Amino acid sequence: MAVENSAFASIPEALTTPLFEKEAGIEEKEDEPETMPSFTTESVCLSGSLEGVFTTDTTDMVQKSCNNNRSLQSKLAAKEAEAAARSQRKKAGQGTSSGWDKGRCGLGRVKRRRQRYVEKNGRCNVQHGNVRETYRYLTDIFTTLVDLNWRCSLFVFVMAYAVTWLFFGAIWWLIAYCRGDLEHLEDETWTPCVNNVNGFVSAFLFSIETETTIGYGHRVITDQCPEGTVLLLLQAILGSMVNAFMVGCMFVKISQPNKRAETLVFSRNAVISLRDDKLCLMFRVGDLRSSHIVGANIRAKLIKSKQTQEGEFIPLDQTDISVGFETGDDRLFLVSPLVISHEIDPRSPFWDVSQAQLEKDDFEIVVILEGMVEATGMTCQARSSYLAEEVLWGHRFTPMMSLADGFFDVDYSAFHQTFEVDTPSCSARELSLAAARLEAHLYWSISSQLDEPRWDRPGIGLNQIGFSGTNSSANGKKGTGLTGLSGLPGTKTQVRKEEFGQDERNGSLTTEPSESET
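An account of the accompanying structure is given in this report.

Here is what the cut-offs are and how they apply
- Residues numbered from 1 in each chain as written.
- Predicted model: local features only at pLDDT ≥ 70, side-chain atom pairs only at ≥ 80, totals over all residues.
- Heavy atoms only, no water.
- Pairing = 2+ DSSP bridges.
- Helix = DSSP H or I, 4+ residues; strand = E, 2+ residues; numbered from the N terminus.
- Axes fitted to C-alpha atoms, helices over the stretch in contact; angles between N-to-C directions.
- Parallel < 35°, antiparallel > 145°, perpendicular 65-115°, else oblique.
- Left-handed = near helix turned anticlockwise from the far one by under 90°.
- Contact = heavy atoms within 4.5 Å.
- Salt bridge = Lys/Arg side-chain N within 4 Å of Asp/Glu carboxyl O.
- Buried < 20%, exposed > 50% of the residue type's maximum accessible area, 1.4 Å probe, protein only.
- Patch = residues over 30% accessible without salt bridge, like charges linked within 9 Å, V, L, I, M, F, W, Y side chains within 5 Å.
- Areas by Shrake-Rupley, 256 points an atom, 1.4 Å probe, with all protein chains shown as cover.
- Polar contact = N/O pair within 3.5 Å; in protein donor to acceptor, adjacent residues only side chain to side chain.
- Phe/Tyr/Trp six-rings, centres within 6.5 Å; stacked < 30°, edge-to-face > 60°.
- Lys NZ or Arg CZ within 6 Å of the ring centre and 35° of its normal.

**Description of the pairing of strand 4 (residues 270-275)**
- One ladder, built from three bridges, connects strand 4 with strand 12 (residues 391-393); its direction is parallel. Paired with I272 across the strands is W393, a residue of strand 12.
- Strand direction decides the pairing type here: strand 4 and strand 5 (residues 278-287), joined by five bridges, are antiparallel. The residue bridging R275 from the neighbouring strand is K278, located in strand 5.

Below, the structure written as structure tokens:
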């Protein structure tokens, strides 16, 4: 027991050291692994070599420490696995964090996923449902057929001709069957309604030849069939109508100026910056073709839901955005890319919008460019839209036109490029109030300076304004001649020598310093 108490006096104290576990609310360093107690290996080895020296209590404590070491190792392994899984989740979140955006101040904000009213390519994202009066589409069958997609249009085109050929082919076969022409095919003395019609296939071919006016000459109608003559006239008339209708639909569909709008491009983003000391909303438009748009004009709409003072909620309310309608700037000569500007004035819906509010606001700006195609004379319309996150505050479009040898060169690679400029982050209302206060301050400052008498003006002496160097008071005492000037604004504390002459040289003039007027 002496050996036990002397050599291993610190073992019981070390073995009874509690193992601290991670508690809720206490953060531990995940990168630094926890240090193992130093007694684990030495204690086990020493307990094996001096097995007979230890008492029963000490042996039990060593076994408990081994069990605690195993549990500690398992906890460390579980903690490392949890840290690895957490790091993988962070990396995966950074890779798929398309829903997060970085603000102007570097703060992360949730990127709004708003449903567009008008897509960037100009397609209106609106679908009509529960339309009960479908018969109205048939009243304007021509427009209905033109509005169909190409797959349906081609199907209707083919079926229109095929149905008419089959219908009249069946009628020609029915006439031949009713007259008995099919029973007297070998009878040369029999005069059929249509020569060489011996079945439905031959009747169908004769219908195609009649409607398309091919006329091969093998199958011909005879004068012994009056009903065939009437049917021939009817098929020729109806065939011409079907031909005109379907060819007209295909021609209008092919010549639609929708594809012409594909070469009218809008900038990817809109910008807000100062122009002539006023905040302006700007976007850029351009025409990629050399053939121009005649009579081009542009307009813009703000799409934003609002609630009236009576509590009525108006979804997707449309508000006009002025782009120069009063001055005629909305009529464009679109031979080169132009920057369309909207001045944010008290009539603008963005009058109270600041940079911070723009990042939190939810709206959509729809821009519409209309004009007549020079090659075809048909009206063309191109549309695009900008969401709130697509409006860049404090940016300006990069110039893209340069002067070359004898012509102006337009570099369309810089069409969507912008660069940052110094722009106040306040709203247009706050900027206007600040400018008004500054203008008022300058006005009163200048007017007060103009109203001050200038005593140091050349050619003006005290003798000319009724003051002398010395002035006798009523009781005969001498006083200063400028005591009456102490209350006037702008009175100088010292008087120039050339204005006083002899009086100053005598030293009889002294003036009290007066406070300057604010």
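From this point, things continue past the structure.
**Here we look at the packing of helix 7 (residues 150-179) against helix 8 (residues 200-211)**
- Two elements in contact, helix 7 and helix 8, have axes whose closest approach is 8 Å; the angle formed by their N-to-C orientations is 125 degrees. Relative to helix 8, helix 7 is oriented oblique. Seen from above, helix 7 lies across helix 8 with right-handed handedness. Mapping the contact onto sequence places T164, W165, L166, F168, G169, A170, W172 and W173 in helix 7 and F200, A203, F204, F206, S207, I208 and E211 in helix 8.

**Digging into the pattern of salt bridges**
- All told, the structure shown has 15 salt bridges when counted by the stated rule.
- The shortest N-O distance in the salt bridge between E390 and K120 comes to 3.7 Å. Placement of E390 in the loop between strand 11 (379-387) and strand 12 and of K120 in the loop between strand 2 (108-110) and helix 5 (135-139) is noted, with a sequence separation of 270 residues between them.
- Since its relative accessible area comes to 32%, K120 is described here as partly exposed.
- With its nearest N and O atoms 3.4 Å apart, the salt bridge here joins E227 to R179. Remark: R179 occurs in helix 7 and E227 occurs in helix 9 (residues 226-254); sequence separation between them is 48 residues.
- Here E227 falls in the partly exposed class, since its relative accessible area comes to 33%.

**Considering a nonpolar patch on the surface**
- Nonpolar side chains collect at one region of the surface, where L138, I141, F142 and F245 lie side by side and expose about 350 Å² of accessible area between them.
- Position of L138 relative to the elements: it lies in helix 5.
- Its relative accessible area of 62% is what places L138 among the exposed residues.

**Some remarks on the side chain of T210**
- Within the secondary structure, T210 sits in helix 8.
- Looking at T210, the relative accessible area reads 13%, which means it is buried.
- A polar atom in the side chain of T210 sits 2.8 Å from the backbone oxygen of F206.
- Here T210 is in contact with L232 and Q235, once residues within four sequence places are set aside.

**A word on the packing of aromatic side chains**
- Inspection of every chain in the model, using the stated rule, returns nine aromatic pairs.
- With a centroid separation of 5.1 Å and an interplanar angle of 65 degrees, the aromatic rings of F157 and Y161 are classed as edge-to-face. With F157 and Y161 both in helix 7 and four residues apart, this pair spans about one turn of that helix.
- On the numbers, 5.3 Å between centres and 75 degrees between planes, the contact of F167 with F168 is edge-to-face.
- Site record: aromatic cluster; members linked through ring pairs are F157, Y161 and W165.
- The ring centre of W150 lies 5.3 Å from the NZ or CZ of K253, which sits over that ring.
- Geometry around F415 places R284 over its ring, the cationic atom sitting 5.5 Å from the centre.

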